[in-house]
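# Analysis of the macromolecular model
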Number of protein chains: 2
Amino acid sequence: MNYPSKLIEDAVNEIAKLPGIGKKSALRLALHLLKSEKTQTHNLSNSLINLVEKTTYCVACHNISDAEICQICGSHRRDSSILAVVQDSKDVLAIENTSQFQGKYHVLGGIISPIQGIGPQDLNIESLLLRIQSNPEIKEIILALSPTMEGDTTAFYIRKKLKDLSVKISTIARGIPIGGDLEYTDEITLGRSILSRVEF
Amino acid sequence: MNYPSKLIEDAVNEIAKLPGIGKKSALRLALHLLKSEKTQTHNLSNSLINLVEKTTYCVACHNISDAEICQICGSHRRDSSILAVVQDSKDVLAIENTSQFQGKYHVLGGIISPIQGIGPQDLNIESLLLRIQSNPEIKEIILALSPTMEGDTTAFYIRKKLKDLSVKISTIARGIPIGGDLEYTDEITLGRSILSRVEF
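None of these values were measured; they are calculated from a predicted model.

Here the focus is the pairing of strand S4 (residues 104–107) of chain A. Residue and element names in this part refer to chain A. Residues Lys-104 and His-106 of S4 are buried on one face, and the alternating residues Tyr-105 and Val-107, pointing to the opposite face, are buried as well. In terms of strand pairing, strand S3 (residues 82–86) meets S4 through four bridges, oriented parallel. Pairing of Leu-83 across the sheet is with Lys-104, part of S4. Handedness of the crossover is the feature at issue here: the chain leaves S3, passes through helix H5 (residues 89–96), returns alongside S4, and the resulting connection is right-handed.

Take a look at the structure:
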């Protein structure tokens, strides 16, 4: 595409580096910002710089945080006896939005994936062990990882590492999603949900 | 949604002000930037600031430009006798990408829309008249406006304004799009395309 201005071209190229945004959408966004108040672009720009420069991670759970200890870890209303182990901050948000979990979190910062070259040493697994050892009030670990090959590998690895510690280990239930249709459920999920049937 | 950090919340709110991006997509983009190299965010941020602060408009055609006179108006290889009148810079890009037009442009900067409170005085129509009057080499004006109510209103207004000047006024052809199917074409387009039939 021939852009009328080098500045537009630069902006389009930078915006199009974001996931899910192509050149056409990037151009639309750039022209939108050009037509809008300049303060909008300045606010956007400042918020992004502040985001990447000032965001820190909670020293206890490794979740994104504004302070050394995040709101959840610092709250006295949360149950310290139960930890949900999740892949990243998005999962913390997803679980928080259910309002069904009152415990605390431990963010791994990724998942074991030999294909992407991510091993256990790249994740916050060592700090999970230390956290459990130094906090005897922790009684249960919920492995809230995605039901994929990588998620299962990571879960098995963590279970092996924790087996000598006196904590209960559980995993989130897998089965037919609420509102799902038996007919259209894949056979692996349906098979597992029969094997893992629960008393009614 | 409860964000783990005020900085994330600010960034999500600013990103979600862009057209077509909701809170969920904004969060995904913010977390993507957090995981990426910081230089990416700095480059993005700088390119947006440069875009809104340094972009100028061509004094002749009002298209976005890096200089006082844009590349198209300044080019000796373009035909100065024919001007395409378009709504905004996006349309210049769209026509340029067809490689079918060798003339120059005139960007109105909008379209007459009483509902949005945009009248002829808000558009670059007066400068179009001046441009035609002071450039006797301009022989033809193509009204390349969208075939909507507002586009037609604007086209009629410009035609009325130009009727005393000795320029030919044409409009881009309307009809069945190439590859379109007669059966699924709306009746207004099909009806107009029969009335405006051309010799084969």
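So much for the structure itself; the text now carries on.
A pair can form between side chains of opposite charge whenever their charged atoms are brought close. Residue and element names in this part refer to chain A. Per the counting criterion, the structure on display carries 14 salt bridges over all chains. Two residues, Glu-96 and Arg-78, come together in a salt bridge whose shortest N-O distance is 2.8 Å. Here the residue Glu-96 occupies a position in helix H5, and Arg-78 occupies one in the loop between helix H4 (71–74) and S3, the gap between them amounting to 18 residues. Accessibility assignment for this pair places Glu-96 and Arg-78 in one class, buried. Beyond isolated ion pairs, a larger network of salt bridges with shared partners links Asp-152, Arg-174 and Arg-192.

Interface size is often expressed as the accessible area that is lost when the parts come together. Per the domain assignment, the segments of chain A are domain 1 (6–54) and domain 2 (76–171). One C-alpha centre belongs to domain 1 of chain A, the other to domain 2 of chain A, and the line joining them spans 36 Å.

Before going further, it helps to spend a moment on H5 of chain A. Taken together, the buried positions of H5 of chain A are occupied by Ser-89, Val-92, Leu-93, Ile-95 and Glu-96 of chain A. The buried side chains of H5 of chain A occupy one side of the element, clustering within an arc of 165 degrees when seen end-on. Close packing links the buried residues of H5 of chain A with strand S2 (64–65), H4, S3 and S4 of chain A together with helix H2 (23–35) of chain B.

Attention now moves to the environment of Ile-132 of chain A. Residues and elements named next belong to chain A. Following the sequence through the fold, Ile-132 ends up in helix H6 (residues 126–134). Between the C-alpha atom of Ile-132 and that of Leu-165, which follows or precedes it by 33 residues, the distance is 8.1 Å. When sequence neighbours within four positions are dropped, the list of residues in contact with Ile-132 reads Ile-138, Ile-141, Leu-162, Leu-165 and Val-167.

On the side of chain B, 51 residues touch chain A, which itself brings 51 residues to the contact. At the boundary of chain A with chain B, total buried surface from both sides reaches about 5200 Å², with 69% on carbon and sulfur atoms. The partner of Glu-53 of chain A in a salt bridge is Lys-38 of chain B, with the nearest N and O atoms 3.6 Å apart. Inspection of the chain A/chain B interface yields seven residue pairs in polar contact (both at pLDDT 80 or more). Contributing elements (two or more residues each) for the side of chain A that touches chain B: helix H1 (6–15), helix H2 (23–35), helix H3 (38–54), S2 and H5 of chain A. With 15 residues, the top contributor of residues to the side of chain A that touches chain B is H3 of chain A. Here the side of chain A that touches chain B is built from residues that sort into 24 nonpolar, 15 polar and twelve charged.

Each value, and the rule that gives it
Residues numbered from 1 in each chain as written. Chains lettered and ligands numbered in written order. Predicted model: local features only at pLDDT ≥ 70, side-chain atom pairs only at ≥ 80, totals over all residues. Heavy atoms only, no water. Buried < 20%, exposed > 50% of the residue type's maximum accessible area, 1.4 Å probe, protein only. Helix = DSSP H or I, 4+ residues; strand = E, 2+ residues; numbered from the N terminus. Pairing = 2+ DSSP bridges. Right-handed = clockwise from strand over helix to strand, strands pointing away. Salt bridge = Lys/Arg side-chain N within 4 Å of Asp/Glu carboxyl O. Domains from an automatic or database assignment. Arc of directions from axis to C-beta. Contact = heavy atoms within 4.5 Å. Buried area = accessible area lost by both parts, 1.4 Å probe. Polar contact = N/O pair within 3.5 Å; in protein donor to acceptor, adjacent residues only side chain to side chain. Nonpolar A, V, L, I, M, F, W, Y, C, P; charged D, E, K, R; others polar.

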